[in-house]
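Understanding the architecture of this molecule
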Amino acid sequence: MLESKKNGNIVATIIDLVHNMRLTAVAEGVEEEDQLILLKAYKCDFIQGYYTGRPMPSEQGMELVKPMHEC
């Protein structure tokens with residue numbers, strides 16, 4: 001999504017589609033702050049990935065699943 005405007009538009013459209021279906025948008029594989037900034041602009045609801053932490057047991061991982069407004 002950072003590599004081209006077209007890819008960014010696809011991500012934004014998917015998030016809009018998810019919200020129009022009254023679902024929650026979760027971005028997986030977020031690794032960089034630039035990705036986080038764009039996802040906030042696209043109004044993504046949750047993120048997951050190396051930006052928040054390395055792989056771990058699910059009990060510990062649930063502590064890292066955060067709403068976008070807390071990032």
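Above this text sits the structure in question.
Predicted, not measured: the structure shown is a model, and the values here were computed from it.

A cluster of nonpolar side chains, namely Leu17, Met21 and Leu23, defines an oily patch on the protein surface of about 310 Å² accessible area. By the element assignment, Leu23 lies in the loop between helix H1 (5–20) and strand E1 (26–28).

Ala12, Ile15, Ala25, Ala27, Val30, Leu36, Leu39, Tyr42, Cys44 and Ile47 together form the largest nonpolar core, which totals ten residues. Listing elements by their share of this core, those giving two or more residues are H1 and helix H2 (33–41). Leave out the neighbours within four places in its chain, and Ile15 touches Ala25, Leu39, Tyr42, Lys43 and Cys44.

Turning next to H1. Across its 16 residues, H1 extends 22 Å between first and last C-alpha, which sits within 8% of the 22 Å expected from 1.5 Å per residue. Where H1 ends, the next residue or the one after it, Arg22, has phi of about 60°, a positive value.

Bringing the sheet that holds E1 into the picture now. Taken in spatial order, the three strands make up an open sheet running E1-E2-E3, and their pairing is mixed. Edge positions in the sheet fall to E1 and strand E3 (66–67), since each of these pairs with one other strand and no more. Judged from the two bridges that link them, strand E2 (residues 46–48) and E3 form a sheet pairing that is antiparallel. Its bridge partner lying in E3, Phe46 is registered against Pro67.

This part covers unusual backbone geometry. Positioned with a positive phi, Arg22 is a non-glycine residue whose angle comes to about 60°. Locating Arg22 in the fold gives a position in the loop between H1 and E1.

Counting across every chain of the model gives zero aromatic pairs. If you follow Arg54 out to its NZ or CZ, it ends over the ring of Tyr50, 4.2 Å from the centre.

What counts and how
- Residues numbered from 1 in each chain as written.
- Predicted model: local features only at pLDDT ≥ 70, side-chain atom pairs only at ≥ 80, totals over all residues.
- Heavy atoms only, no water.
- Patch = residues over 30% accessible without salt bridge, like charges linked within 9 Å, V, L, I, M, F, W, Y side chains within 5 Å.
- Areas by Shrake-Rupley, 256 points an atom, 1.4 Å probe, with all protein chains shown as cover.
- Salt bridge = Lys/Arg side-chain N within 4 Å of Asp/Glu carboxyl O.
- Helix = DSSP H or I, 4+ residues; strand = E, 2+ residues; numbered from the N terminus.
- Core = buried A, V, L, I, M, F, W, Y, C linked by side-chain atoms within 4.5 Å.
- Buried < 20%, exposed > 50% of the residue type's maximum accessible area, 1.4 Å probe, protein only.
- Contact = heavy atoms within 4.5 Å.
- Expected span 1.5 Å × (residues − 1).
- Pairing = 2+ DSSP bridges.
- Phe/Tyr/Trp six-rings, centres within 6.5 Å; stacked < 30°, edge-to-face > 60°.
- Lys NZ or Arg CZ within 6 Å of the ring centre and 35° of its normal.

Geometric values such as these leave the question of function open.
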